[in-house]
Amino acid sequence: MSDTIPALDPADIKPLANAVRALSMDAVEAATCGHPGMPMGMADVAAVLWTRHMKFDPADPQWPDRDRFVLSAGHGSMLIYSILHLIGVEGVTMEELKNFRQLGSKTAGHPEYGHCPGVETTTGPLGQGISTAVGMALAERMLNAQYGDDLVDHHTWVIASDGDLQEGVSQEAISLAGHLKLNRLIVLWDDNSISIDGSTDLSDTVDHVKRFESAGWTTMTVDGHDAAAIDAALTTAKTSDKPVLIACKTIIGFGAPTKAGTAGSHGAALGADEIAGAREALGWAHDPFVIPDEIYDGWATTAGFGALARSAWEQRLQTSEHLEAFISQLSGEPPLAAIQALKAHIQTLLADKPAMATRASSGKAIEAFASAYPGLVGGSADLTGSNNTKASYHTPVSAPDYSGGYIHYGVREHGMAAAMNGMALHGGIRPYSGTFLVFADYCRPAIRLSALMNQPVIYVFTHDSIGLGEDGPTHQPVEHLSALRSIPNLAVFRPADGVEAAEAWIAALERTDGPTALILSRQKVPHVRSDDGAINASKRGAYILSEVDAPKITLIGTGTELELALDAQKTLMDQGVAARVVSCPSLETFMAQDASYIDSVVDPTLPVVAVEAAVRWGWDGLIGRDAGFVGMTGFGASAPAPELYKHFGITADAVVAEALKRV
């Protein structure tokens, strides 16, 4: 944008930046808590960026070809709130700034996506913002490869802190971005050398500029309080053929007379005397939360040039041959053709009745529908052949060809999960990727944010139990199902055969308001479904798979252990005990159904035995403390899978024994 606006006069930037400083320290003071130091230190950088380089129209904060801004240093949230107010984003009123950190306000302690207009992603957990931004920048390049510069041509800007760069996920993210040459990604590092404990050299002596260089980035250093130098660096950054790091040397709490440059300005209100001294040092003579009209006028350049850019883009869109496809892809809704392909695939499975591992069943499902889903992008953390996430026709995303449908993330589970959040937030891309279930722990912070932000990311987790065998307890998940099920708004499906795997994929694709985890086996399972496939039985979480007359007990199984429940049913029948078998591919989904449906499947008047090769945590809400449970009580061991099931007592005979205790 800078080539279309007048030459920079640094004197024009100073009062705009001071407005951010004043609003930030006043809001934190009013809340009696918060982080004034970062907004005060980075105000000059932010003012130059937003008034001279950001392509953003406050009248339409969701305009698809806008620049994205990620405040990875989310603790400094008053920076983005102040700017959104000053440029005129509807809803970010002065009253909202006065209610910073208060219940019901848009100005939460850390920026929250969907809560405050103009906030592109929820940040606060350090490292997540910069890593999510990598996904946004990657989505921009992939959509650009599909639709060209006329419809997709924007940058992703990040303000990152020292803490962001210290978090391990940042290394995964920056190395991936460098490898893929994501030159529309520009990171502004708030290099203030201060953390909560004090000077960063207490714990960190890494040369981060060299670190980024070694990862394939263009790097620059700049005085973060020199507007002309900042402007020149941002202008140069936009011409790079690689992602860019600009190390902005700043003074935290800039303007505060005794706390500037110290940890004292990082995470607490400055106090009345310090604020008075800062006002004097900055030449800011206005009362708290008072902004003169000329300051609003100065910030209005963002709206003026943003509106022009958006208008020109809308004209190009309306005359584009891609109009209908582009709008459809950005809608986020799964194409009907993809869902129909999966339903046809289910009919084939019902006819052929294949026995296969559910990871293989998932791979067959992907093969069936992925080509009918524009914008669907798969991947794996260096486990493609094990996760079965790549269709035969997929080509890899690479630099400079971003037109592929599959991303090789390398051994970067956390970075992969965060990047998928960024792609989903960007819009136009529906990401899914795989790793082993035990490594869901590496993904967990990003999964939690997927759920918090209602993003339809799909996580494919294979090798889901002791059934993976010889790799032993380090790789055998036992607590992971409970841990994932405990995350609000995360749908967890553990299918038992090919039909349930395909149904789980349909449920995942149709779910547009939250993430889904597909939990899949290494070992082969039999085909168990005998219905006509007309209804997605898995979608409500559980259903009666095998009914009997006058049942005396209910047996519930998931995934690979459903077979054990069915075998136990036969043995019990031979002993005169009629047992209903329920398949429960998604426990928490089932528990969210209405009581009448739950009771129709799991009759509250009958005793229950559940079987799952995992710990019991989470099951008692359905089956009760007096129910039987056949599963794990500790970690696994290294041995062939059949031996492990016998060793840990996860057998049909064990299910029978638990049932006979209760009838």
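Calculation notes
- Residues numbered from 1 in each chain as written.
- Predicted model: local features only at pLDDT ≥ 70, side-chain atom pairs only at ≥ 80, totals over all residues.
- Heavy atoms only, no water.
- Helix = DSSP H or I, 4+ residues; strand = E, 2+ residues; numbered from the N terminus.
- Expected span 1.5 Å × (residues − 1).
- Core = buried A, V, L, I, M, F, W, Y, C linked by side-chain atoms within 4.5 Å.
- Buried < 20%, exposed > 50% of the residue type's maximum accessible area, 1.4 Å probe, protein only.
- Contact = heavy atoms within 4.5 Å.
- Phe/Tyr/Trp six-rings, centres within 6.5 Å; stacked < 30°, edge-to-face > 60°.
- Lys NZ or Arg CZ within 6 Å of the ring centre and 35° of its normal.
- Axes fitted to C-alpha atoms, helices over the stretch in contact; angles between N-to-C directions.
- Parallel < 35°, antiparallel > 145°, perpendicular 65-115°, else oblique.
- Left-handed = near helix turned anticlockwise from the far one by under 90°.
- Nonpolar A, V, L, I, M, F, W, Y, C, P; charged D, E, K, R; others polar.
- Bend = angle between axes of the 7 residues up to and from the residue.
- Pairing = 2+ DSSP bridges.
- Salt bridge = Lys/Arg side-chain N within 4 Å of Asp/Glu carboxyl O.

S.K.: How would you explain helix 1 (residues 10-31) if you had to name every residue and give the values?
M.R.: Between its first and last C-alpha, helix 1 extends 32 Å over 22 residues, near the 32 Å set by a 1.5 Å rise per residue. Downstream of helix 1 by one or two residues, T32 has phi in the positive range, about 65°.

S.K.: Please give an account of the nonpolar core that cites residues and values.
M.R.: Formed by 69 residues in total, the largest nonpolar core has its most connected members in L138, L185, W217, M423, F461 and L484. With 10 residues, the single largest contributor to this core is helix 5 (residues 128-147). Look past the residues within four positions of W217 in its chain and what remains in contact with it is I174, A177, G178, L185, V187, F212, K242, P243, V244 and L245. Core analysis: the second largest hydrophobic core is formed by 60 residues, W50, F56, A73 and V119 among them.

S.K.: Hey, could you go over the packing of aromatic side chains for me, with residue numbers and the actual values?
M.R.: Here a ring pair, both rings aromatic, is described through the centre-centre distance and the interplanar angle of the planes. Per the counting criterion, the structure on display carries 14 aromatic pairs. Here W63 and W313 contribute two aromatic rings whose centre-to-centre distance is 6.4 Å and whose plane-to-plane angle is 65°, an arrangement assigned as edge-to-face. With W63 in the loop between helix 2 (37-52) and strand 1 (68-71) and W313 in helix 12 (residues 301-318), this pair connects stretches of sequence that are 250 residues apart. One exposure class covers both W63 and W313, and it is buried. The ring of Y597 carries R540 above its face, with NZ or CZ at 3.8 Å from the centroid.

S.K.: Which residues make up the side chain of D191, and what are the values?
M.R.: Among the secondary structure elements, D191 is positioned in strand 3 (residues 185-191). If we skip the residues at most four places from it in the chain, D191 touches D162, C248, K249 and T250.

S.K.: Requested: an account of the packing of helix 5 against helix 13 (residues 323-330), with residues and values cited.
M.R.: Where helix 5 contacts helix 13, the two axes come as close as 12 Å, and the packing angle between them is 155°. When the interaxial angle is binned, helix 5 and helix 13 end up roughly antiparallel. When you trace helix 5 past helix 13, the crossing you get is right-handed. Two secondary-structure elements touch here, helix 5 through L143, Q146 and Y147 and helix 13 through A325, F326 and Q329. Partitioned by chemical class, the residues of the contact of helix 5 with helix 13 number 4 nonpolar, 2 polar and no charged.

S.K.: Account for helix 18 (residues 440-452), with residues named and values stated.
M.R.: Taking 1.5 Å as the rise per residue, helix 18 with 13 residues should run 18 Å; its terminal C-alpha atoms sit 17 Å apart, in good agreement. Its maximal kink placed at A446, helix 18 deviates by approximately 40°. On its buried face, helix 18 sits against helix 5, helix 17 (413-426), strand 11 (430-436), strand 12 (458-462) and helix 19 (480-485). N454 occupies a position one or two residues after helix 18 and carries a positive phi of about 60°.

S.K.: Could you give me a rundown of the sheet that holds strand 11, with the residues and numbers involved?
M.R.: In space, the 6 strands of this open sheet follow the order 10-9-11-12-14-13, with parallel pairing throughout. Whereas interior strands pair on both sides, the edge strands pair on one side only; in this sheet they are strand 10 (406-408) and strand 13 (491-493). The sheet shows a mean angle of 20° between the axes of neighbouring strands, direction not considered. By the bridge criterion, 3 bridges tie strand 9 (residues 376-380) to strand 10 in an arrangement that is parallel. Residue pairing in the sheet places S380 in a bridge with H408 of strand 10. Sitting on the sheet, helix 17 is in contact with strand 9, strand 10, strand 11 and strand 12, with an inclination near 165° to strand 11.

S.K.: So what's going on with the pattern of salt bridges? Which residues, and what values?
M.R.: In total, this model carries 26 salt bridges according to the counting rule given. Across the pair D65 and K55 runs a salt bridge, and its minimum N-O distance is 2.9 Å. Here K55 lies in the loop between helix 2 and strand 1 and D65 lies in the loop between helix 2 and strand 1, a separation of 10 residues in the sequence. Across this residue pair, the class does not change: D65 and K55 are buried.

Fair warning: the whole summary comes from geometry, so function is off the table for now.
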